[in-house]
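# Survey of secondary and tertiary structure
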Amino acid sequence: MCAGGSDGYLDLRVGVVSGISVRLGTLALLAAMTLVLAPAAGARADEDRPAVAVSPLNGTPDASPESQISFLGVPAKEISQISVVGSRSASHSGKLESYASSPGASFLPTRPFTQGERVTASATVGPKGHTARVSTTFTVARLPDYPITVKKVAPLSRPGLVQSFVSAPNLQPPVVQVTTDSPQASPGDLFLTPTHGYGQSGAMIANSSGGLVWFHPAPAGEIDTDLQAQTYEGKPVLTFWQGEVPQSLGVGFGRDEIYSTAYTPIATVSAGNGYYADLHEMQITPRGSAFITAYSLVDANLSAEGGSSNGILQDAILQEVDVKTGLVMFEWHADGHVALGDSFSSPSTDASQPWDYFHLNSVSLDTWGDGNFIISSRNTWAAYEINHVSGAIMWRLGGKHTSFKMGAGTGFAWQHDVEWQPDHTLTIFDDGATPKAHSESRAIRERIDWADRSVVLIGRDVHTPPILTGSQGNDQVLADGDSLVGWGEEPYVTEFSASGQTLFDAHFPSPGQSYRSYRFEWNAQPAYPPALGVRASGEATTLYTSWNGATGVSGWTILGGGTSTSLAPIASVPAAGFETSIPVSDDAYYAAQALGPDGQVLGTSAAVKR
């Protein structure tokens, strides 16, 4: 990501690792982990895993001082005799709060832990007569003094490259130019998040012709990313991330938003334990929790990897958050599970520069329904299957220590968006750049042969002409088997057929980017009324009508009159794109009614004076 945000600082006092002794402990933890390989598609060897996940996970070397102790997998009424003891801060009291989405609860200490100390937490869990003692021991982070500066970036503007509307003057998104639109392309609208180019940054829905459907300008100094249609509590919703992105770190510090089909806020998902939600991922689970990414900066001895002995590590964190309560249900840290030497990036010898050794950028739940998931690490060129209870790495795809024989064309570099598909294959957006590792970026599909522990390439889509993108991007498999590919840092979106034919291609003006791009069928009616703008020139008056986000408007009826309370129909016209212009006679006041496909009134604007 590029820089974005307002001038100022974010207080990132979270994270940690201290000294070489902790590093040796981390390696011992890694050596103790058992590699689990599935014998066949759908199978898992988890019989020995514990029934309750306790976070921070056992052996975590850099937990937040503000950590809650999470017990996932057993009702709160079956959690008792909780003990939380720090090696320096001694015993901690607190309260137990239940999750709304799953059996479990978090113990919230009344005071934070001490930096650098070891904490042991334990509890008795299970129903009467079938109880067991569960525990975890983790180290609390030592926090660097690292204020993060976020510079404000002004949007670019040029006639023909930025959209503008009389009825919605606050909306100035970039133009979307469609260059290929085959009749065989899938139905649905485009979901985009333009940033760092012409027009405003924000969340955008556009139709297949590039016409605007909905635009949500990001607040000044912030950006939106990862706009998706998801399901929450059985209903369709919009989700997107919003926040600030320091260029020096390449990750986000903000929150995830959930909106209804009326574009009203339903929930804000924030990271717990003192962290900020990162821009890379927010996936709502069927039970009502959300997987999100976060990052922390921690003191670390990086000399073994060529960095400073007093360095700063940028650790990647995955949290499962209970949407209704905001409690952390599960937390996984890259540090303590993946060795620093597995990274293809290198730390700076400048002790003040954080090292992003892992860079977590996607999570995808297993299609087997076992609760485990796969994550993507850009900077280790690998994807990892994670046990949802123990946090152990079950196997690795790619990277320096792959668990499989990688077939021709299956290797990837600096990748994003590793996703399980319903047929148990994996799709991967292979950036291949910054620094350059491939000649072009590609969207690939791979299958794991569990019997002989090998990986084969079964699909590959590339752009014509070739695109080499340095960051971001995704590959969305559509219901009909087509793939909708967003090219991330390069402002393109392309739909490929299952045979690799380009069916659709569009782009923003360059420079510009969209973290991911999607296609969804979307139906919505805003809770707010339609908008009406008036332009008068001499004796001529033209009205401009729009309803940001409405998908069912087929026409407009214009009301006019001498007062705002004496309006009557004076004209009816079909809708013409996002904004419809209508010449009218000289009345003192006007209002506009949005009409549905059967002529029904869907909404009425406020009356405006000529």
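One can find the structure itself at the top, above this paragraph.
Okay, so let's go over this structure. Predicted, not measured: the structure shown is a model, and the values here were computed from it.

Calculation rules
Residues numbered from 1 in each chain as written. Predicted model: local features only at pLDDT ≥ 70, side-chain atom pairs only at ≥ 80, totals over all residues. Heavy atoms only, no water. Helix = DSSP H or I, 4+ residues; strand = E, 2+ residues; numbered from the N terminus. Buried < 20%, exposed > 50% of the residue type's maximum accessible area, 1.4 Å probe, protein only. Pairing = 2+ DSSP bridges. Contact = heavy atoms within 4.5 Å.

As a further point, take unusual backbone geometry. Of note, the bond from Ser-55 into Pro-56 is cis; its omega dihedral lies within 30 degrees of zero at 0 degrees. A cis amide bond links Thr-464 with the next residue in sequence, Pro-465, at an omega value of -5 degrees. Looking at where Pro-465 falls in the secondary structure, it is placed in the loop between β32 (454-461) and β33 (474-477). Unlike most non-glycine residues, His-359 shows phi in positive territory, near 60 degrees. As for its placement among the helices and strands, His-359 is situated in the loop between β23 (328-333) and β24 (360-365).

The buried fraction of strand β41 (residues 555-561) is high, at seven of seven residues. Because side chains alternate across β41, one face comprises the buried residues Gly-555, Thr-557, Leu-559 and Gly-561, and the other comprises Trp-556, Ile-558 and Gly-560, equally buried. Pairing analysis gives six bridges linking β41 to strand β42 (residues 568-574), with the strands arranged antiparallel. What sits directly across from Trp-556, in β42, is Val-573. Inspection of the sheet shows β41 paired to strand β44 (residues 589-595) by seven bridges, in the antiparallel sense. Bridge pairing in β44 links Gly-560 to Tyr-590.

Moving on to the environment of Ala-53. Among the secondary structure elements, Ala-53 is positioned in strand β2 (residues 53-55). Note on Ala-53: relative accessible area 2%, which makes it buried. Separated by 21 residues in sequence, Ala-53 and Val-74 place their C-alpha atoms 9.2 Å apart. Non-local contacts of Ala-53, meaning those with residues more than four positions away in its chain, are made with Ser-70, Phe-71, Leu-72, Phe-330, His-388 and Val-389.

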